[in-house]
Amino acid sequence: MATAPVYDPAMPNGGDSLVVDVNAQYAGLEYHYTYLVFCGFIVWLIIPGIGLLYGGLARRKSSLALLFQSLMVCGVVTFQWMFWGYSLAYSRTGNAFIGDLANFGLKNVMSAPSPGSAVIPEIVFCLYQMLFCACTVQLVIGGSFERGRILPSLVFSFCWATIVYCPIANWTWNANGWLYNLPSLDFAGGGPVHIASGWSALAYAFVLGKRKHTGEPSHGKPHNTTLIFLGTVLIWFGWFGFNGGSALNGSIRAMLAAFNTNTAASFGVLGWTLVDYIRTRGKFSVVGACCGAIAGLVGITPAAGYVSVWIAALIGFLTAVVCASVQDLNKWLHIDEGMDVFKLHGIGGMCGSFFTGIFAQSWVSALDGSSQYPGGIDGNGVQVGKQFAEITAISAYSFTVSCILLYALKYIPGMHLRVTEEGEMMGLDIDQFFDEQIGDWSMYENNLGSTVHGIKGTGATTSSAHSVHQSTEIPMTKEA
C-alpha cells in the first residue's frame, strides 16, 4: 500500500516541477484526487441548479435575474477565493478564528499535500472548497429575490464570502479552528454552508424589507414548476459530489456518504409529501416534493460521513417534516424571505447538526481507516452540546455580521440595495436587463412596447408603472 506524502514547509508548493516530478509523491494514490476532482466537477452543477430552482420559484418578471446571478456569483467568488478567500479559510498558519494571508493570491497552492488530506494535492483541494463557497453565496443571494439590485448583491457577495464564509469555514474545517478542535462534527457543511446561508438570507430579506404586494394573483407563487424540478435534479446530482467528496479521499466512508446522500433526499421527499398530503387533505405538490428532497439533502450534509444508512433515512425524513411544518414561518417572523432559504437551509442545517450530535457512530467514521467520532448514540452525550455550540455561534455570527454589512452597503452612494417601486412592479428582468426575457418575447411586445420605453424615458409615476405591470401579469399567470 502506497504511503501518503508529508507536507514539507521547506517546499510549500510541493516542489519545483522543472527539477523534480511532483506527481511521484502520489504514486499509487492517484485515485483519491481523481475521485475528488470529479466530485468537484459535479458540485459545480449545484450553482446553475440553484439558479434554475430560484428562477422557477420567482415570478416570471424577475426570473431572469436569478439565472444571471448564479453565473455572476460564480465569477465573483472565484476571484475572491483566488485573491484571498482560500488563504483566509485554509492557510496553515492562521489562528482559531481566521486564516492569514500566507496563501494570498494562491501563493504556493499547487502540488503539496493539502491541509485537508495528505492524499489530495492542494490545488485540487482549493478548487473543491471554492465551489462550496460559490454554492453558499448563491444561496444567500436568494434573500434578495424580486426586489434586490444586482450590482450591490455582487459587491455583497464578495464581502460576505470574505468576512462571513471564510471565518466560519476556518472555525469548522481548518486544523487551527476552534470548532474543529472542540470538536463539532460537520462532515460537509451543515454550519458553514447551510446554517450560515440560511441566517444570512434572512438578514438580507430583513434589511431589504417586504416586497410590494399590489394584489396581483401571482404574488408569492412560483411561475414555472418545470424549472424548479430541473434545478432540484441538478442540485440532487451535484450533492453526490458535495457529500461524497467531503471525506477528501476515495475510501468506503466516502462511498457511504454518497449512499446516505441519496437516501436522505429520497426520504425527505416522502416526509415533505406526507405533511403536504395531510395538510391539504389528499393533495400532492411537485414543488413540495422538490423542497423535501432539498431538506433531506441539507439535513444529511453534516452527518453523511458519520451515520449508517437507516439513520440517514431517519435524518432526511425528520428534517423534511420539520421544515414542512413551519410553512408559515415568514408570517411568524414578519420577514418576506420568499425563497425559503432560512426555512430549508437555516432550520434544516440546524436540525442536521443536532441530529449529527445524537446519531454519530464511531464505526462509520472509522471506515476511512483513521477517524473515530462518537455521538450520543455511542455514549458520548456531550457531543450534542458541542453541536449546539456550533449552531449558536454560526447563527449569531452570520446573521449579525450580514446585517451590519448590508446596512453599511445601503448607505454607500450608488449601492442602494433595493430597486425602485416602479422597477419592482415591472420586474427585475425589465428593470435590470436590456432586451432579454425569460420566455417568448411575443407575450410581452404587444403589452410593453412603447409603454415601457415611455416609463423609462419620462420617469412615469407609480400608477403608470402599475398599469403596465398589470397588463403583463395576465399572460404570465395563464402560462404558469
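Scope of this entry: the structure provided in the associated data block.

Conventions and cut-offs
Residues numbered from 1 in each chain as written. Predicted model: local features only at pLDDT ≥ 70, side-chain atom pairs only at ≥ 80, totals over all residues. Heavy atoms only, no water. Helix = DSSP H or I, 4+ residues; strand = E, 2+ residues; numbered from the N terminus. Rg over C-alpha atoms; globule rule 2.2 N^0.38 Å. Buried < 20%, exposed > 50% of the residue type's maximum accessible area, 1.4 Å probe, protein only. Areas by Shrake-Rupley, 256 points an atom, 1.4 Å probe, with all protein chains shown as cover. Lys, Arg positive; Asp, Glu negative; His and termini not counted. Charge placed at Lys NZ, Arg CZ, Asp CG, Glu CD. Phe/Tyr/Trp six-rings, centres within 6.5 Å; stacked < 30°, edge-to-face > 60°. Lys NZ or Arg CZ within 6 Å of the ring centre and 35° of its normal. Expected span 1.5 Å × (residues − 1). Contact = heavy atoms within 4.5 Å. Axes fitted to C-alpha atoms, helices over the stretch in contact; angles between N-to-C directions. Parallel < 35°, antiparallel > 145°, perpendicular 65-115°, else oblique. Left-handed = near helix turned anticlockwise from the far one by under 90°. Nonpolar A, V, L, I, M, F, W, Y, C, P; charged D, E, K, R; others polar. Salt bridge = Lys/Arg side-chain N within 4 Å of Asp/Glu carboxyl O. Polar contact = N/O pair within 3.5 Å; in protein donor to acceptor, adjacent residues only side chain to side chain. Core = buried A, V, L, I, M, F, W, Y, C linked by side-chain atoms within 4.5 Å.

If you tally the helices and strands in the chain, you get 20 helices and 0 strands. In terms of overall dimensions, the chain is globule-like: its C-alpha atoms have a radius of gyration of 23 Å, near the 23 Å expected for 480 residues. Based on the C-alpha atoms only, the size of the chain along its principal axes is roughly 70 × 55 × 35 Å. Relative to its full complement of 480 residues, the chain shows a buried share of 57%. By element, 67% of the accessible surface of the chain is carried by carbon and sulfur atoms, the whole surface being about 18600 Å². Seen as two clouds, the 22 positive and the 28 negative side-chain charges of the chain have centres 11 Å apart.

The geometry of two aromatic rings is summed up by the distance between their centres and the angle between their planes. Within the structure shown, the criterion is met by 31 aromatic pairs. Ring plane angle 35° and centroid distance 5.2 Å describe the contact between Tyr-277 and Phe-284, whose orientation is recorded as tilted. These aromatic residues form a ring-pair network of at least three members: Trp-81, Tyr-86, Tyr-90, Phe-125, Trp-160 and Tyr-165. Residue placement shows Arg-92 over the ring face of Tyr-7; its charged tip is 3.6 Å from the ring centre. Directly above the aromatic system of Tyr-306 lies the positively charged group of Arg-253, at a separation of 5.0 Å from the ring centroid.

Moving on: helix 1 (residues 30–44). The first and last C-alpha atoms of helix 1 sit 22 Å apart over 15 residues, in line with the 21 Å expected at 1.5 Å per residue. Here the buried face of helix 1 lies against helix 2 (46–57), helix 4 (122–141), helix 8 (225–244) and helix 9 (252–279).

Before going further, it helps to spend a moment on the packing of helix 3 (residues 63–90) against helix 5 (residues 150–173). Put simply, helix 3 and helix 5 touch, their axes get as near as 9 Å, and they point 40° apart. Compared by their axis directions, helix 3 and helix 5 come out oblique. Relative to helix 5, the crossing made by helix 3 is right-handed. Of the residues in the contact of helix 3 with helix 5, the class split is 20 nonpolar, 7 polar and no charged.

A few words now on the pattern of salt bridges. Following the criterion strictly, the structure yields 8 salt bridges and no others. In this structure, the salt-bridge partner of Arg-59 is Glu-146, at a minimum N-O distance of 3.0 Å. Of this pair, Arg-59 sits in the loop between helix 2 and helix 3 while Glu-146 is found in the loop between helix 4 and helix 5, placing the two residues 87 residues apart along the sequence. We classify Arg-59 as buried; its relative accessible area is 3%. Notably, a salt bridge pairs Arg-279 with Asp-276, separated by 2.7 Å at the nearest N-O pair. Taken as a pair, Arg-279 and Asp-276 lie in helix 9 at a separation of 3 residues, close to a single helical turn. Residue classification places Asp-276 among the buried residues on the basis of a relative accessible area of 9%. Taken together, the shared-partner salt bridges in this structure form one network comprising Arg-59, Glu-146, Arg-211 and Asp-336.

With 15 residues, helix 10 (residues 286–300) extends 22 Å from end C-alpha to end C-alpha; this agrees with the ideal 21 Å at 1.5 Å per step. With 13 of 15 residues buried, helix 10 is to be regarded as a mostly interior element. Of the residues flanking the start of helix 10, the one acting as N-cap is Ser-285, its side-chain oxygen 3.4 Å from the backbone nitrogen of Val-287.

We now examine the nonpolar core. Of all hydrophobic cores here, the largest spans 127 residues; its most connected members are Trp-81, Phe-156, Trp-160 and Val-307. Among all residues touching Trp-160, those that are not within four sequence positions of it are Thr-136, Val-137, Val-140, Tyr-165, Ala-196, Ser-200, Ser-402 and Leu-405.

The next point concerns the environment of Val-419. Relative to the assigned elements, Val-419 resides in the loop between helix 15 (382–410) and helix 16 (421–426). Taking the C-alpha atoms as reference, Val-419 lies 15 Å from Ile-141; in sequence the two are 278 residues apart. Every residue in contact with Val-419, bar those within four places of it in the chain, is listed here: Arg-147, Gly-148, Arg-149, Glu-424, Leu-428, Asp-431 and Gln-432.

What follows covers the side chain of Ser-91. With respect to the helices and strands, Ser-91 occurs in the loop between helix 3 and helix 4. Classification of Ser-91 as buried rests on a relative accessible area of 0%. A distance of 2.9 Å separates the side chain of Ser-91 from the side chain of Asp-100, its partner in a polar contact. Leaving out residues up to four positions away in the same chain, Ser-91 has contacts with Tyr-86, Gly-99, Asp-100, Ala-102, Asn-103, Asn-174 and Asn-176.

A cis geometry characterises the amide bond from Leu-182 onward to Pro-183, with omega recorded as -10°. For Pro-183, the location among the structural elements is in the loop between helix 6 (178–181) and helix 7 (190–208). A positive phi angle, near 60°, is found at Arg-281, a position not held by glycine. Assignment of secondary structure puts Arg-281 in the loop between helix 9 and helix 10. The class for Arg-281 is exposed, based on a relative accessible area of 79%. A positive phi angle, close to 60°, is found at His-334, a residue other than glycine. Looking at the element boundaries, His-334 is found in the loop between helix 12 (329–333) and helix 13 (341–359). For His-334, a relative accessible area of 58% gives the class exposed.

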